[in-house]
Amino acid sequence: MRIVDVVVCMAGLAGAASVDAQQAGGRCDLCHAELEFLRQHTETLEEASALLVPSVGQRGTAHDERGCADCHSGYRRYPHPGTAATASCAECHPDPATEWSGGVHAVDAAAECASCHGVHDVASSAGLGETPGLREMNGACVSCHFEPRMPASDPHADSVACTACHEAHGTRSPGDPEAGVHPLNQHATCGTCHDQVAAEWERDAHREAVNETSGPPDGGTSLDEFDLGHPPAAPPGCTACHGAHGMPAVSGDGAVFGRSVVAACSGCHEEYGESFADSYHGQASTLGSGRAATCQACHTAHSIHATEDPRSSVSEENLLKTCRACHPGAAVNFAGFQPHADHADRERYPHVYWSYRFMTALLVGVFTVFGLHTALWLFRVTLDGVRLMRAGTGTREDRS
Ligand code: HEC
Ligand code: HEC
Ligand code: HEC
Ligand code: HEC
Ligand code: HEC
Ligand code: HEC
Ligand code: HEC
Ligand code: HEC
Ligand code: HEC
Ligand code: HEC
Ligand code: HEC
């Protein structure tokens, strides 16, 4: 006879309505680790399985030091009295619970504590920081969020927690200006790990633009005030160039990244994107050259400045050095070449504009004069021919 049966039998013999579980050493596992026993006291196998607590006696969870009764008070007696109650996670963890209730997962209880943490197998913070725990937690997120995917090509797949970018408890929509993944906050969120990049980027023109946008609600610059010709979809944070989920790696085969970043820059700086595409470097890149200059080769990645700013890699002071990285022998006048020359833009490229005008006028003039000359000449030749024919006919008649 198993101990379970002894305990239940004792309860029966004593004629008592309940038995103190303490009599069996307070061991809930006597019953809750016995599927067969639980099955006898439930309608279905599913119900029985739900009562089976497999972690009984197991170690390595966050609640190793908690006894069953710490969370389940009143269950020491069996049959369990109606007054027995299970403490909610929030009772013992008020702070995460408060944060959670301000996030998207609290709306219609979209994801509750147990949806992410489980119930009896809650991992400790330390466990969540290590790869197996981290993957398990990411797995919980993905079990509800099939989209957007985090493909294996993403440098963060598997090694970075979803919650490194998204708040674990006060989870916010990406469009919420308070969200860690919102472009206004990415320098801090991404910067927790990429601190060197973020530090360099602090002085970048795009960081300045983000700063201006995030000014006080009344004083912030609106996106259409930027001098781009059209407002960008979002402030130019880290993901404007890198993308979010599925971002291509930079190291390794950089070709995919190279193409995607040129497309990103060109999406906001349309005119410069077009003039680049028409340029020697642009055409060579399109044809697959991995050596020809792309936007970042001339402008840098995280230290981009306006041309007149002496810190800019394309400022008067630095331009030659920038070209010489790839054209070592370049003479001073080499840098006079204008990568973005646009003959239609009189303001930015007056020389190119007026040269183009002059050359076009010259071309049109030459062709007009030449054309007129040719037409008149043809006319004259035809006239001469007709005259000659008339004269010739007369001669033939005369002969016959
Ligand atoms: C003598 C066997 C036995 C012991 C000992 C026992 N339980 Fe139970 N428990 C059951 C059975 C059977 C059920 C199924 C529902 C019922 O009969 O109340 C159950 C149900 C439960 C439930 C679910 C209640 C519900 O309303 O869904 C909880 C929680 C629970 N037990 C916790 C405990 C804890 C904690 C201990 C130890 C302190 C414990 N039990 C000890 C047999 C036992
Ligand atoms: C840190 C708190 C905590 C500890 C410790 C704990 N539980 Fe639970 N347990 C819970 C929560 C929370 C639930 C889910 C209650 C619900 O879904 O309403 C639960 C559910 C249960 C259920 C019912 C399952 C169901 O579907 O109704 C049983 C049985 C149970 N626990 C037994 C145990 C036993 C046995 C132990 C000790 C080995 C234990 N629990 C330790 C928090 C705890
Ligand atoms: C009876 C109080 C109590 C209940 C109920 C309770 N916990 Fe805990 N929990 C604790 C204590 C005590 C610790 C360990 C002390 C510590 O390290 O903070 C802990 C630790 C944790 C940890 C690890 C903290 C760390 O820093 O490593 C997590 C995560 C956790 N609990 C989640 C939950 C979840 C989820 C629930 C609900 C299923 C829950 N707790 C229910 C008391 C409780
Ligand atoms: C969307 C998934 C998710 C939900 C829902 C969730 N957590 Fe967490 N929780 C996490 C992750 C991930 C961590 C790991 C630490 C981190 O990234 O901040 C964590 C950490 C914790 C910790 C330990 C660190 C700390 O902040 O104290 C506790 C305790 C905790 N959660 C309790 C809760 C409670 C209580 C609830 C329900 C009110 C809850 N969690 C809801 C994902 C979640
Ligand atoms: C039990 C299912 C479930 C789990 C587990 C879960 N979520 Fe959610 N989550 C939802 C639902 C439902 C919504 C609200 C509907 C929506 O916007 O997708 C949501 C919303 C979100 C949003 C806001 C989306 C938006 O467009 O507004 C983010 C970000 C998010 N969850 C991230 C996470 C992360 C990270 C984890 C894991 C730590 C996680 N979720 C775990 C169900 C879940
Ligand atoms: C490297 C940072 C990062 C990591 C890691 C990350 N995300 Fe995201 N996530 C973002 C950004 C940024 C957005 C905003 C969408 C955009 O800009 O395209 C986002 C958007 C979302 C959304 C909202 C989608 C929508 O269309 O509105 C959900 C849900 C989400 N992520 C869940 C997850 C889950 C689940 C994981 C883990 C598998 C995860 N995220 C990992 C950065 C991250
Ligand atoms: C204007 C576009 C742009 C913005 C904004 C931008 N990056 Fe980059 N990032 C690039 C380019 C281009 C490269 C490739 C540089 C190279 O080829 O060496 C790069 C490279 C990287 C790398 C890998 C190489 C390295 O230096 O470690 C990381 C990590 C990175 N960026 C993170 C970030 C973070 C974090 C932010 C926001 C704080 C950010 N980037 C903002 C364009 C950008
Ligand atoms: C929890 C830390 C963490 C956070 C937060 C994080 N990253 Fe990363 N990131 C990594 C790790 C780890 C790698 C892969 C190793 C490496 O190449 O540095 C990586 C790789 C990258 C790469 C590719 C670098 C290369 O050389 O190929 C880029 C680009 C990048 N991250 C950008 C971002 C952006 C943008 C964000 C914010 C939306 C972000 N990261 C948030 C840890 C993080
Ligand atoms: C999301 C849109 C966006 C993307 C993507 C983007 N930029 Fe910008 N860029 C801006 C905005 C906004 C400014 C600030 C313009 C202003 O102050 O009027 C700016 C400023 C600049 C400036 C300084 C010009 C000035 O007028 O201050 C240069 C140079 C520049 N970007 C080059 C690049 C390059 C190269 C890339 C790709 C590696 C890139 N940008 C990607 C939006 C973007
Ligand atoms: C071969 C080097 C080179 C390449 C490649 C290049 N640029 Fe430039 N860029 C320059 C130089 C030099 C200037 C300054 C002269 C000018 O405005 O034409 C400039 C100016 C700019 C400006 C104006 C800055 C200001 O202060 O107003 C923007 C914006 C810009 N480039 C964006 C881009 C984008 C986007 C790409 C890629 C699609 C790109 N550039 C590719 C060299 C380059
Ligand atoms: C990332 C490397 C790189 C940078 C930086 C770069 N170029 Fe180039 N450039 C190339 C390559 C590669 C070619 C093709 C050379 C060939 O096919 O022989 C090229 C070709 C050219 C050509 C046409 C062919 C020729 O050699 O006359 C001109 C003009 C030119 N570059 C100007 C510039 C100027 C001006 C700068 C600086 C503003 C610059 N380049 C910066 C890589 C670069």
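Look up: the structure comes first, before these words.
Residues numbered from 1 in each chain as written. Chains lettered and ligands numbered in written order. Predicted model: local features only at pLDDT ≥ 70, side-chain atom pairs only at ≥ 80, totals over all residues. Heavy atoms only, no water.

**Digging into the coordination of the iron atom of ligand 6**
(1) Moving on: Note on the iron atom of ligand 6: its protein donors are His166 (NE2) and His245 (NE2). The metal-donor distances range over 1.9 to 2.0 Å.
(2) Moving on: Given six donor atoms and angles of 86 to 179° at the metal, the environment of the iron atom of ligand 6 is assigned as octahedral. Of the two residues, His166 is situated in the loop between α11 (162–165) and α12 (186–189) and His245 in the loop between α15 (238–242) and α16 (255–268); the sequence distance between them amounts to 79 residues.
(3) Moving on: The class of His166 is partly exposed, set by a relative accessible area of 25%. (Donors = N, O, S within 2.8 Å, 3.2 Å for Na, K, Ca; no water. Tetrahedral: all angles 85-135°; square planar, octahedral: opposite > 155°, others 65-115°. Helix = DSSP H or I, 4+ residues; strand = E, 2+ residues; numbered from the N terminus. Buried < 20%, exposed > 50% of the residue type's maximum accessible area, 1.4 Å probe, protein only.)

**Some thoughts on the site of ligand 4**
(1) Moving on: Near ligand 4, the surroundings consist of 17 residues, among which Cys113, Cys116, His117, Leu128 and His169 are the closest.
(2) Moving on: Taking His117, its side chain carries an N or O atom lying 2.8 Å from a nitrogen atom of ligand 4.
(3) Moving on: Breaking the shell around ligand 4 down by element, the ones donating at least two residues are α7 (94–101), α8 (113–117) and α9 (125–129).
(4) Moving on: Broken down by class, the residue content of the shell around ligand 4 amounts to ten nonpolar, six polar and one charged. (Near = heavy atom within 4 Å. Polar contact = N/O pair within 3.5 Å; in protein donor to acceptor, adjacent residues only side chain to side chain. Nonpolar A, V, L, I, M, F, W, Y, C, P; charged D, E, K, R; others polar.)

**Section: the site of ligand 11**
(1) Moving on: Close contacts around ligand 11 come from 13 residues, with His281, Cys323, Cys326, His327 and Phe334 the closest.
(2) Moving on: In the environment of ligand 11, an oxygen atom lies 3.5 Å from a nitrogen or oxygen atom belonging to the side chain of Tyr280.
(3) Moving on: Here a nitrogen atom of ligand 11 sits 2.8 Å away from a polar atom, N or O, in the side chain of His327.
(4) Moving on: Put simply, the parts of the chain that give the shell around ligand 11 at least two residues each are α18 (280–286) and α20 (319–324).
(5) Moving on: It is α20 that contributes the most residues to the shell around ligand 11, three residues altogether.

**What to know about a negative patch on the surface**
(1) Moving on: Taken together, the side chains of Glu208, Glu212, Asp224 and Glu225 present a region of like negative charge at the surface.
(2) Moving on: Turning to its location among the elements, Asp224 is positioned in the loop between α14 (205–213) and α15. (Patch = residues over 30% accessible without salt bridge, like charges linked within 9 Å, V, L, I, M, F, W, Y side chains within 5 Å. Areas by Shrake-Rupley, 256 points an atom, 1.4 Å probe, with all protein chains shown as cover. Salt bridge = Lys/Arg side-chain N within 4 Å of Asp/Glu carboxyl O. Lys, Arg positive; Asp, Glu negative; His and termini not counted. Charge placed at Lys NZ, Arg CZ, Asp CG, Glu CD.)

**Re unusual backbone geometry**
(1) Moving on: In this structure, Pro79 follows Tyr78 across a cis peptide bond, with omega equal to -5°.
(2) Moving on: Here Pro79 lies in the loop between β3 (77–78) and β4 (85–86).
(3) Moving on: For the peptide bond that leads from Glu147 to Pro148, omega is -5°, which places it in the cis range.
(4) Moving on: Along the chain, the position of Pro148 falls in the loop between α10 (131–144) and α11.
(5) Moving on: For Ala109, which is not a glycine, the phi torsion comes out positive at approximately 45°.
(6) Moving on: Within the element layout of this structure, Ala109 appears in the loop between α7 and α8.
(7) Moving on: Since its relative accessible area comes to 36%, Ala109 is described here as partly exposed.
(8) Moving on: A positive phi angle, close to 70°, is found at Thr300, a residue other than glycine.

**Some remarks on α10**
For an α-helix the count is 3.6 residues per turn, leaving residues at separations of three or four pointing the same way.
(1) Moving on: With 14 residues, α10 extends 20 Å from end C-alpha to end C-alpha; this agrees with the ideal 20 Å at 1.5 Å per step.
(2) Moving on: Residues Gly133, Leu134, Met137, Asn138, Ala140 and Cys141 constitute the buried set of α10. Considered in projection along α10, the buried side chains sweep an arc of 150° and stay on one side of the axis. Facing away from the buried side of α10, by more than 90 degrees, are the exposed residues Pro132 and Glu136.
(3) Moving on: In this structure, the buried side of α10 is in contact with α8, α9 and α11. (Expected span 1.5 Å × (residues − 1). Arc of directions from axis to C-beta. Contact = heavy atoms within 4.5 Å.)

Everything listed is a geometric property; what it means functionally is a separate question.
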